[in-house]
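# Examining the three-dimensional arrangement
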Amino acid sequence: MKQKNIVTNTIHILTSLFTWLIIWNHLNFEFGEKVISYFFTDITNHPYLLLFQSFYLLFITSIILFLWFIIFKKFDFFYLNTKKVLLLYIIPLIIFLLSFVYTNEKTMSTILQETFSFIVLSFSQDILTFGILQTYLSKLINTYYATILTVCMFFIGHIGFFPLNILLLFYITGFVLFGYLRYKDKNIYRLNVIHTSFNLIRHFF
């Protein structure tokens, strides 16, 4: 019976990782642009492309959250230990305000679209990975190992997006930090603040 449970758990783990990878590969701006191109001609030069892509990510993320709630009836990764953690969102807010100072060549509309898009991107990735995937894996294996596996998948999902030089260590450290914060906090807020802030800094500065 024990061996049967191990086999079943292994199948569930591999299935969840494969499912996550499929969704991950479709939950990005690039694939969103392909979908939107079916409704608009010359979408690449559309002034509101980023906005459309962001709503695409929101739509897919909302469906995933809806299905998750139907199956499990709760969102453990949204649980707040203390509301004070929400004050940390002042950090990405400050970065957003500074973007108006350091990107004078961009219009307010462009800055707002870009900021919104990276906030949505960060939230969708964190919900899918450190929210849903890590929570599900924790139901199958030890929370510690679920964290390690989630961080590894987050790294795999970013292959091709970061430079293959010394900065790679910086990204790896960041991913490990995300996993650690999710493991310690039992929610995604602090890691999301860091993730969102980094994406905004990387883009605007």
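First, a word on scope: everything that follows refers to the structure included in this document. Note that this is a predicted model, so its numbers are computed, not measured. (Residues numbered from 1 in each chain as written. Predicted model: local features only at pLDDT ≥ 70, side-chain atom pairs only at ≥ 80, totals over all residues. Heavy atoms only, no water.)

### Focus: the packing of helix H6 (residues 143–157) against helix H7 (residues 167–185)
Viewed as axis vectors pointing N to C, H6 and H7 meet at an angle of 145°, and their least axial separation amounts to 9 Å. Here H6 runs over H7; the crossing is right-handed. Listed contacts from H7 to Thr143, Tyr144, Thr147, Val151, Phe154 and Phe155 of H6 are Leu168, Ile172, Phe175, Val176, Phe178, Gly179 and Tyr183. (Axes fitted to C-alpha atoms, helices over the stretch in contact; angles between N-to-C directions. Helix = DSSP H or I, 4+ residues; strand = E, 2+ residues; numbered from the N terminus. Left-handed = near helix turned anticlockwise from the far one by under 90°. Contact = heavy atoms within 4.5 Å.)

### With respect to the packing of aromatic side chains
If you walk through the whole model with that rule in mind, you get 27 aromatic pairs. Pairing phenylalanine 40 with phenylalanine 52 gives two aromatic rings, centres 5.0 Å apart and planes at 15°, and the pair type is stacked. Taken together, the positions of phenylalanine 40 in the loop between helix H2 (29–36) and helix H3 (49–72) and phenylalanine 52 in helix H3 put the pair 12 residues apart, joining distant regions of the chain. Taking relative accessible area as the criterion, phenylalanine 40 reaches 34% and is therefore assigned partly exposed. On the accessibility criterion, phenylalanine 52 (25% relative accessible area) is partly exposed. A connected cluster of aromatic rings, assembled from ring pairs, spans Trp20, Trp24, Phe130, Phe154, Phe155, Phe170, Tyr171, Phe175, Phe178 and Phe198. One residue, lysine 186, lies across the ring of tyrosine 183, its end atom 5.0 Å from the ring centre. (Phe/Tyr/Trp six-rings, centres within 6.5 Å; stacked < 30°, edge-to-face > 60°. Buried < 20%, exposed > 50% of the residue type's maximum accessible area, 1.4 Å probe, protein only. Lys NZ or Arg CZ within 6 Å of the ring centre and 35° of its normal.)

### Side note on the side chain of glutamine 125
Relative to the assigned elements, glutamine 125 resides in helix H5 (residues 108–140). When its relative accessible area of 10% is taken as the criterion, glutamine 125 is described as buried. Here the side chain of glutamine 125 touches histidine 195 through a polar contact of 3.5 Å, side chain to side chain. If sequence neighbours within four positions are ignored, glutamine 125 has contacts with Trp24, Phe130, Phe154, His158 and His195. (Polar contact = N/O pair within 3.5 Å; in protein donor to acceptor, adjacent residues only side chain to side chain.)

### Quick notes on unusual backbone geometry
Positive phi, normally seen in glycine, also occurs at lysine 73, with a value near 70°. Mapped onto the secondary structure, lysine 73 falls in the loop between H3 and helix H4 (90–102). Positive phi, normally seen in glycine, also occurs at lysine 186, with a value near 70°. Residue position: lysine 186 is located in the loop between H7 and helix H8 (189–204). By relative accessible area, lysine 186 is classed as partly exposed at 45%.

Keep in mind that these numbers describe shape and distance, not what the molecule does.
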